[in-house]
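Below are the chains, spelled out letter by letter.
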Amino acid sequence: MSSEVSPRLNSLRNGPDQRGRFGTFGGQFVAETLMPLVQDLANAYQAAKADPGFRQELDYYFRDYVGRPSPLWHAKRLSKELGGAKIYLKREELNHTGSHKLNNVMGQILLARRMGKTRIVAETGAGQHGVATATVCALFGLKCTIYMGAVDVERQKPNVFRMHLLGAEVHPVTAGSGTLKDAMNEAMRDWVANVHDTYFLVGTVAGPHPYPEMVRDFQSIIGIETREQILTVENRLPDVLVAAIGGGSNAMGLFHPFLDDESVKMIGVEAAGHGLDSGLTAASISRGRSGVLHGNRTYLLQDEFGQIAEAHSISAGLDYPGIGPEHSWLNDIGRVEYVGVTDKEALDAFQLLTRTEGIIPALECAHGLAQVMKIAPSMTPDQIIVLNLSGRGDKDIFTVADHLGVSL
Amino acid sequence: MSRIKARFESLKAEGRGALIPYLQAYDPDLETSLALLKGMPAAGADLIEIGVPFSDPSADGPTIQAAALRGLKAGATLAGVLAMVRAFRQNDSDTPIILMGYVNPIDSYGPARFCVDAAEAGVDGLIIVDLPKEESDLLSADAQKNGLDIIQLVAPNTPDERLPYLLNTASGFIYYVSITGITGTRTASHDELAAALPRLRAASSLPVAIGFGIRTAEQAARAASVGDAAVVASALIATLASTLENGKASSATVPAVLDQLADIARAVRGT
């Protein structure tokens, strides 16, 4: 990967290890039928990573199709409104398809093509990853099957329609709680039944190795650009980075290039749902414990017997009972602070950004903004916060209207 | 000698393959599944696999997914499954019991303590679907110390060069997943099975059980003769599910499953 930030020997950026682990987290907990596939994938990814031609191809699509680099916007009215720190927004919502998801999808689809795969399966929660995947499948003429929880299909109808328009098959998953974790199970079942031609395009920094590493690498373009941009305009690094976390791909993408910059504090914002102690939460780090699901060891919401709990968040994209394993490790070593933001706080933040900056954020990153609202007032005007504005909120207007008592 | 080894040796002396039925613990309730477990040896089970219910059975098809949900609803826990095995062992000290499930409930229980308690309860082997050899150090030492076989899975797409790595330290038997796919869906053809076995025989002298997609008595008989054992799971659970009334066991549940098992056993034994 081209980066001005080169890993040091004692770097926090060197993970995962040979076993795909970040500390005790990560690994390859998959059925034997999938082992040859994840091993092939790891080898193919390492070969692609070492090939300058692959990076050049990705850079081309990033620039001319995704629309990179995304701007780093100084949110002056928002900063003034909150009083205190200077707030910048990394405008990932301006990417084609409206979120950071396309960064990862573009990287993986180029890899899938290199591997000669002709059919793509993916899971999706809010539908952003599903739309991004359907988009590149349309671009390259590949068959595309998306698994989406039946509950999410219902609350994210516009994205379901977009996927259909793009030529994807969308399978509503009724098993379990009918949300993202169940869609993930179903996508894995599809993959294991179609090993010969199918590529499983995971949407976040979770799953068996090499997915957490690979998705992080593709999303790291966010942090690499942010670093260059902030040094250009401010001639210094930011004080605080903030990003919302479901599986954690937009946060890893922003954080990873800064992990060795000790002066830069990082906050990952989990969805607390109705509140961290309400029992209706998606805060895997704050309220979960180490366990194994979907191919990796990580923090999971689970009961005392190891059965996976159902997550809750107003945001379908954060409604997942786990989190990427690298986040679990960054939490345990204390490098990143993980906090929870409730549905209500996110709704307030959603409206604030819309009014002060004319930007309708996705409910996912409204969680990040709510955390910015908590910390910015007690900081000084020479201090800098960068919030990853990971997606646009058009898809969420029905949910928000519903919560505001407006019928559309 | 372990129960698994003893059972395969005595069957070899008889000149026939083994039948391994599967039941999901607590499906649809503890009493029914315990009655099934206790009734299976007389109905022709040579070894028995007990599924440990898990909330996210990502390698299982709809039939076993539904069974797992019923089991969880009925209050299944790993400790409860071990208690079932203990109850079974009061009257049967010979039939090998293999627990099949996913890592997380074991991880949550504590792998070391689990191996001690499972062996003490009378469990003989473990099939942990999402614990490949690469991750098996989570409990391999504890399993060995307590005389539990970790049953190694092999799939049609397992490369030849991977077989020695998987099988050199394997014990008990080999579980050949006869299709690339989830449980209870496609059935491997005779040619596919015939092609697979020499690969396994060349790599290991352990008995080979064939599972996934074996539905009928005829298929079971063929698998048990091509390999050393046939695993029948979804077909029995589908029968169980068809006898439920409003999700609850009926008077027909236990007899229907055991009758079906007896039919399959007759075919496997050629009687």
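Before reading on, note that the structure itself is shown above.
The structure contained in this document is the topic of the report that follows.

### Considerations on the side chain of arginine 91 of chain A
All names here are of chain A.
Move 1: Summarising the element assignment, arginine 91 is placed in strand 4 (residues 86–91).
Move 2: Within the structure, the side chain of arginine 91 is placed 2.6 Å from the side chain of glutamate 93, a separation counted as a polar contact.
Move 3: Look past the residues within four positions of arginine 91 in its chain and what remains in contact with it is Ser70, Pro71, Trp73, Ile359 and Leu389.

### Notes on the sheet that holds strand 2 (residues 25–29) of chain A
All names here are of chain A.
Move 1: Pairing is antiparallel in the open sheet, where four strands are placed in the order 1-2-12-11. Edge positions in the sheet fall to strand 1 (21–22) and strand 11 (289–293), since each has one partner strand and no second.
Move 2: For strand 2 and strand 12 (residues 295–300), the ladder comprises two bridges, and the chain directions are antiparallel. Each residue of the ladder has a partner; that of glycine 26, found in strand 12, is arginine 297.
Move 3: Contacting strand 1, strand 2 and strand 12, helix 13 (residues 325–332) runs over the sheet at an angle of about 45° to strand 12.

### Looking at the environment of glutamate 345 of chain A
All names here are of chain A.
Move 1: Examined against the element boundaries, glutamate 345 turns out to sit in helix 14 (residues 343–357).
Move 2: Judged by its relative accessible area of 26%, glutamate 345 falls in the partly exposed class.
Move 3: Along the chain, glutamate 345 and cysteine 137 lie 208 residues apart, while their C-alpha atoms are 36 Å from each other.

### So, unusual backbone geometry
Move 1: Omega for the bond connecting glycine 15 of chain A with proline 16 of chain A falls within 30 degrees of zero, at 5°, which places this linkage in the cis form.
Move 2: Looking at the secondary structure, you find proline 16 of chain A in the segment before strand 1.
Move 3: Unlike most non-glycine residues, threonine 97 of chain A shows phi in positive territory, near 75°.
Move 4: The topology assignment puts threonine 97 of chain A in the loop between strand 4 and helix 4 (101–114).
Move 5: Positive phi values are uncommon outside glycine, yet tyrosine 26 of chain B reaches one of about 70°.
Move 6: For tyrosine 26 of chain B, the location among the structural elements is in the loop between strand 1 (18–24) and helix 2 (30–43).
Move 7: Note on tyrosine 26 of chain B: relative accessible area 8%, which makes it buried.

### Let's talk about the interface of chain B and chain A
Move 1: Each partner contributes residues to the interface: chain B has 36 residues there, and chain A has 37 residues.
Move 2: Together chain B and chain A conceal approximately 2,700 Å² of surface at their shared face, both sides included; 47% is due to carbon and sulfur atoms.
Move 3: Broken down residue by residue, the surface that chain B buries against chain A is led by Asp56, Asn104 and Glu135 of chain B, which jointly contribute 21%.
Move 4: The interface formed by chain B and chain A includes six salt bridges.
Move 5: Across the pair arginine 297 of chain A and aspartate 107 of chain B runs a salt bridge whose closest N-O atoms are separated by 2.7 Å.
Move 6: Run the count over chain B and chain A and you get 23 residue pairs in polar contact (both at pLDDT 80 or more).

### Observations regarding the pattern of salt bridges
Residue and element names in this part refer to chain A.
Move 1: Taken as a whole and judged by the stated rule, the model has 46 salt bridges over all chains.
Move 2: The salt bridge partner of arginine 287 is aspartate 277, with a shortest N-O separation of 2.7 Å. Remark: aspartate 277 occurs in the loop between strand 10 (265–273) and helix 12 (284–287) and arginine 287 occurs in helix 12; sequence separation between them is ten residues.
Move 3: Judged by relative accessible area, which is 38%, arginine 287 ranks as partly exposed.
Move 4: Given a relative accessible area of 66%, aspartate 277 falls into the exposed group.
Move 5: The network of salt bridges with common partners includes Lys49, Glu213, Arg216, Asp217 and Glu326.

### What to know about the sheet that holds strand 8 (residues 198–200) of chain A
Two pairing modes exist for strands in a sheet, parallel and antiparallel, and in both the strands are linked by backbone hydrogen bonds.
All names here are of chain A.
Move 1: If you trace the four strands from one edge of the open sheet to the other, you get 7-6-5-8, paired in parallel fashion. Strand pairing shows two members of the sheet lacking a second neighbour, strand 7 (169–173) and strand 8, which therefore form its edges. Averaged over all pairs of adjacent strands, the angle between their axes in this sheet comes to 20°, without regard to strand direction.
Move 2: Running over the sheet, helix 4 touches strand 5 (119–124) and strand 8 and is turned about 155° from strand 8.

### Let's talk about the packing of aromatic side chains
All names here are of chain A.
Move 1: For the coordinates displayed, the defined rule picks out twelve aromatic pairs over all chains.
Move 2: Centroid distance phenylalanine 54 to phenylalanine 218: 6.3 Å. Interplanar angle 50°. Geometry classified as tilted. With phenylalanine 54 in helix 2 (residues 52–66) and phenylalanine 218 in helix 9 (residues 211–219), the pair connects residues that are 164 residues apart, well separated along the chain.
Move 3: Phenylalanine 54 gets classed as buried once you look at its relative accessible area, which sits at 1%.

### A few points about a nonpolar patch on the surface
Move 1: A surface patch of nonpolar side chains, about 560 Å² in accessible area, is lined by Ile360, Ile397, Phe398, Leu404, Val406 and Leu408 of chain A.
Move 2: On the basis of relative accessibility, which here comes to 44%, the residue leucine 404 of chain A falls in the partly exposed class.

### Some words on the pairing of strand 14 (residues 384–389) of chain A
Residues and elements named next belong to chain A.
Move 1: Counting buried residues along strand 14, six of its six residues qualify, which places the element largely inside the surrounding structure.
Move 2: Of the two faces of strand 14, the one holding Ile384, Val386 and Asn388 and the one holding Ile385, Leu387 and Leu389 are both buried throughout.
Move 3: Where strand 4 and strand 14 come together, six bridges link them in parallel fashion. In the sheet register, tyrosine 88 faces strand 14, and the bridge partner there is valine 386.
Move 4: Looking at chain direction, strand 9 (residues 240–245) and strand 14 are connected through three bridges and run parallel. The residue of strand 14 that forms the bridge with valine 242 is leucine 387.

### Considering the pairing of strand 3 (residues 97–101) of chain B
Residue and element names in this part refer to chain B.
Move 1: Among the five residues that make up strand 3, five are buried, leaving the element largely enclosed by the rest of the structure.
Move 2: With burial as the criterion, each face of strand 3 is covered, one bearing Ile97, Leu99 and Gly101 and the other bearing Ile98 and Met100.
Move 3: Here strand 2 (residues 48–51) pairs with strand 3 via four bridges, running parallel. In the strand pairing of strand 3, isoleucine 48 is matched with isoleucine 97.
Move 4: Direction of pairing for strand 3 relative to strand 4 (residues 125–128): parallel, over a ladder of four bridges. Across the sheet, residue isoleucine 98 finds its bridge partner in strand 4, namely glycine 125.

Calculation notes
Residues numbered from 1 in each chain as written. Chains lettered and ligands numbered in written order. Predicted model: local features only at pLDDT ≥ 70, side-chain atom pairs only at ≥ 80, totals over all residues. Heavy atoms only, no water. Helix = DSSP H or I, 4+ residues; strand = E, 2+ residues; numbered from the N terminus. Polar contact = N/O pair within 3.5 Å; in protein donor to acceptor, adjacent residues only side chain to side chain. Contact = heavy atoms within 4.5 Å. Pairing = 2+ DSSP bridges. Axes fitted to C-alpha atoms, helices over the stretch in contact; angles between N-to-C directions. Buried < 20%, exposed > 50% of the residue type's maximum accessible area, 1.4 Å probe, protein only. Buried area = accessible area lost by both parts, 1.4 Å probe. Salt bridge = Lys/Arg side-chain N within 4 Å of Asp/Glu carboxyl O. Phe/Tyr/Trp six-rings, centres within 6.5 Å; stacked < 30°, edge-to-face > 60°. Patch = residues over 30% accessible without salt bridge, like charges linked within 9 Å, V, L, I, M, F, W, Y side chains within 5 Å. Areas by Shrake-Rupley, 256 points an atom, 1.4 Å probe, with all protein chains shown as cover.

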